[in-house]
Amino acid sequence: MIEVSNLTKRYAGRTAVDDISFTVARGEIVGLLGPNGAGKSTTMRVLSGFMPATSGTVRVAGFDVFHDADETRRRIGYMPENNPLHPEMRVREYLKFRARLKGLGWKKSRERVTTVMEQCGLADVGRRIIGQLSKGYKQRVGLADALVHEPELIILDEPTIGLDPQQIRSVRALIKSLAGSHTVLISTHILPEVEMMCGRVLIMLDGRVLASDTPENLQRRMAGGSQVIAEIAAPAAALRAVWENLPEVAQFDVTAGEGEFFRCALTPRDGQDLRPLIFNLARVNGWTLRELTRSRHSLEDIYMQVTRPTTEEAE
Amino acid sequence: MRIFWTLLRRELGTFFLSLTGYVIIAAVALIVGSTFVMLIHNMGTKPFAMPVTQLFFNSFMYWLLVILVAPAITMRLFALEKASGTFETLMTTSVGDLQVVAAKFSAAIFFYMVTWLPTLAGLVIIQRFTNQPKLDLGVVGGMYLGIFLSGCLFLSIGCLASALTKSQMVAAVVSLAVGVILFVLAYMAQVLPGAAASATDALYYFNLFKHMEDFTRGVVDTRTVIFYATATFLFLFLTLRVVESRRWK
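Computed from a predicted model, the values in this text were never measured in an experiment.

Reading the values: rules and limits
Residues numbered from 1 in each chain as written. Chains lettered and ligands numbered in written order. Predicted model: local features only at pLDDT ≥ 70, side-chain atom pairs only at ≥ 80, totals over all residues. Helix = DSSP H or I, 4+ residues; strand = E, 2+ residues; numbered from the N terminus. Rg over C-alpha atoms; globule rule 2.2 N^0.38 Å. Buried ≥ 20, exposed ≤ 12 C-beta atoms within 10 Å, placed from the backbone. Contact = placed C-beta atoms within 7 Å. Pairing = 2+ DSSP bridges. Axes fitted to C-alpha atoms, helices over the stretch in contact; angles between N-to-C directions. Parallel < 35°, antiparallel > 145°, perpendicular 65-115°, else oblique. Left-handed = near helix turned anticlockwise from the far one by under 90°. Domains from an automatic or database assignment. Nonpolar A, V, L, I, M, F, W, Y, C, P; charged D, E, K, R; others polar. Core = buried A, V, L, I, M, F, W, Y, C linked by C-beta atoms within 7 Å.

What follows concerns the overall build of chain A. What chain A contains, in helices and strands, is 11 helices and 14 strands. For 315 residues, the compact-globule estimate of 2.2 N^0.38 gives 20 Å, and chain A exceeds it by more than 25% at 25 Å. Counting every position in chain A, which comprises 315 residues, the buried fraction comes to 40%. In chain A, the proportion of contacts linking residues at least 24 apart, taken out of those at least 6 apart, comes to 66%.

Right, dumping it as structure tokens:
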């Protein structure tokens, strides 16, 4: 659905997006993840056809977004950052205006507006003035606008920013409901959001795509470095000696816990699962084992790890 | 074309459904009305030496109004949309740049002409309650043509200023400044000896006062009409280029 190849966007003196390439298949929900200023919004603006790329090509549904702007715009529903709306208009009036701008006929636009208002839970606020709506409702108006011309591709730039948890939930549910019938590209810097909604993640930093995979795969890839935490009641020296001699343990750290328990953080070699091994050791030695957990890397850890170099530079 | 009408409707909507729109209409009505009252007072019951339309436009009041009202109308057009981000949602729909510029300018000039409608009442009052010679339809038509053409010029300047910036204030100040420069040029053309007399002098074409005087006498000089039309098209063309410029690499 989206083919981005060697896309570069330079603003005067600054490179916002640096030679990125990626593809998004039809029906996918893809999350663009990255800190502020990573180039997410710029990428989306180029995709939406608002700005041209400095170099490289972007194709949506096989059409070049720059040369076949009319064809691609018809296929894209775009909600920019901060969801700009006309605050003085009424919800229904605004959506109808937008539908007309997107080339829908009189009757068709009426039909579609009613449908998307239903879909986005706006049926009760059609006569309200947008400026007086709560932020959650405004966000839904933005979403309804993006959906009104039945686009194949929906591009949402930070759709849940500034919402309260309840509103975030409903907006997320709405986006999730689009899966299958639409291709969705969402940008965010909120990690759980990506984990919850997206089938695939693109991590961006400094205008580059650092990683692109499913959240699960990213986690698995990082699992090699995951630690096992074991709390065992045993002499510290004995514990140290055991870990030292165990070939499967690459690294260990023993700290005093409550009472006679020691907390051992073990890093396995080659991503092995150390837990059965530890249990057997405890059984053989007659130690009391209180806790045995493998810390799975959350997307947040991955994100922190991938984006670390610059955050340190910044400090 | 369908999209143009949709855009025009919405632009007119923002003029007529907002407080600022009515403030502008009221302010113009107030100034025009008080000028009119002054005129009547000064003249008493004697017949005017020239058409009443010309009397009004011979005062600087008209130019003061145009210079002030044009920025007030146009400053919002592009700058507000750029500042609030709706420009981005607008330009990513099926609209063309030309449609946007045309719709915004058409709405501005339509609204501008509406602000001048109260002057009709003044003309009717003169006709009915004084013993002035009957107003010639040509004179009235010339007057409104003059208002329209000079409005086009000043509004197109305002459009360009608004397209250049995100700030409504900057847009207003720029178009006000250009308006004042035009006014000063016109003034120079008026007072410098010989300048206004010869059509070969470039300054001659900037004598806005003379243009308006002709229009209000019912004289429509094609040179003047062409001057206003080309200047308006020039500024609208530049506006269009500025709107397009975001797509330049």
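The next subject is the sheet that holds strand E1 (residues 2-11) of chain A. All names here are of chain A. Pairing in this open sheet of four strands is antiparallel, and the strands run E2-E1-E4-E5 from one edge to the other. The open sheet terminates on both sides in strands that have one partner only, identified here as strand E2 (14-24) and strand E5 (63-64). Across the face of the sheet, helix H1 (residues 40-47) comes into contact with E1, E2 and strand E4 (55-60) while running at roughly 115 degrees to E1.

This next bit is on the environment of Arg10 of chain B. The topology assignment puts Arg10 of chain B in helix H1 (residues 2-16). Arg10 of chain B sits 97 residues away from Ala107 of chain B along the chain, and the two C-alpha atoms are 8.9 Å apart.

Turning next to the environment of Ser150 of chain B. Residue and element names in this part refer to chain B. Along the polypeptide, Ser150 turns up in helix H8 (residues 137-164). Between the alpha carbons of Ser150 and Val66 there is a distance of 8.0 Å; along the sequence they are 84 residues apart. For Ser150, the residues in contact, after removing those within four places along its chain, are Val66, Leu208, Met212 and Tyr228.

A separate point is the packing of helix H4 (residues 61-84) of chain B against helix H6 (residues 97-115) of chain B. All names here are of chain B. Between H4 and H6, the shortest axis-to-axis distance is 10 Å and the interhelical angle comes to 150 degrees. Our classification of the angle between H4 and H6 gives roughly antiparallel. In the crossing of H4 with H6, the sense of the turn from one axis to the other is right-handed. Here H4 contributes Val69, Ile73, Thr74 and Leu77 to the contact with H6, which in turn contributes Lys104, Ala108, Phe111, Tyr112 and Thr115.

Glancing now at the sheet that holds strand E13 (residues 261-268) of chain A. Residues and elements named next belong to chain A. Taken in spatial order, the four strands of this open sheet run E12-E13-E11-E14, and their pairing is antiparallel. Looking at the sheet topology across the chains shown, the edges are occupied by strand E12 (249-256) and strand E14 (288-294). Going across the sheet, the axis of each strand differs from the next one's by a mean of 20 degrees, ignoring polarity. In this sheet, E13 lies alongside strand E11 (residues 228-233) in antiparallel orientation, the contact comprising six bridges. Bridge assignment links Ala230 to a residue of E13, and that residue is Cys264. Sitting on the sheet, helix H10 (residues 275-285) is in contact with E11 and E14, with an inclination near 175 degrees to E14.

If you check the domain split of chain A, you get domain 1 (2-221) and domain 2 (227-294). Computed over C-alpha atoms only, the centres of domain 1 of chain A and domain 2 of chain A are separated by 48 Å.

Counting residues at the interface gives 20 residues for chain A, matched by 19 residues for chain B. The set of elements that each furnish at least two residues to the side of chain A that touches chain B consists of helix H2 (69-75) and helix H3 (91-101) of chain A. Among the residues forming the side of chain A that touches chain B, the class breakdown is eight nonpolar, six polar and six charged.

With 69 residues, the main nonpolar core has Leu95, Ala144 and Ile155 of chain A as its most contacted residues. Beyond its immediate stretch of four places on either side in the chain, Ile155 of chain A contacts Met44, Leu47, Ser48, Ile76, Tyr78 and Leu185 of chain A. Counting 57 residues, the second-largest nonpolar core is a separate cluster that includes Ile73, Ala103, Leu160 and Leu176 of chain B.

So, about H3 of chain A. Within an α-helix, residues lying three or four positions from one another point in the same direction, as the helix has 3.6 residues per turn. Residue and element names in this part refer to chain A. Within H3, nine of the 11 residues are buried, leaving the element largely enclosed by the surrounding structure. Within H3 the residues assigned to the buried category are Val91, Tyr94, Leu95, Lys96, Phe97, Arg98, Ala99, Arg100 and Leu101. Gly103, located one to two residues past H3, shows a positive phi value of around 90 degrees.

Across residues other than glycine, the phi torsion is negative in most instances, and most of the peptide bonds are trans. Residues and elements named next belong to chain A. Of note in the backbone geometry, Asn6 takes a positive phi value of approximately 50 degrees without being a glycine. Mapped onto the secondary structure, Asn6 falls in strand E1. According to the C-beta neighbour criterion, Asn6 is partly exposed, with 13 such atoms within 10 Å.

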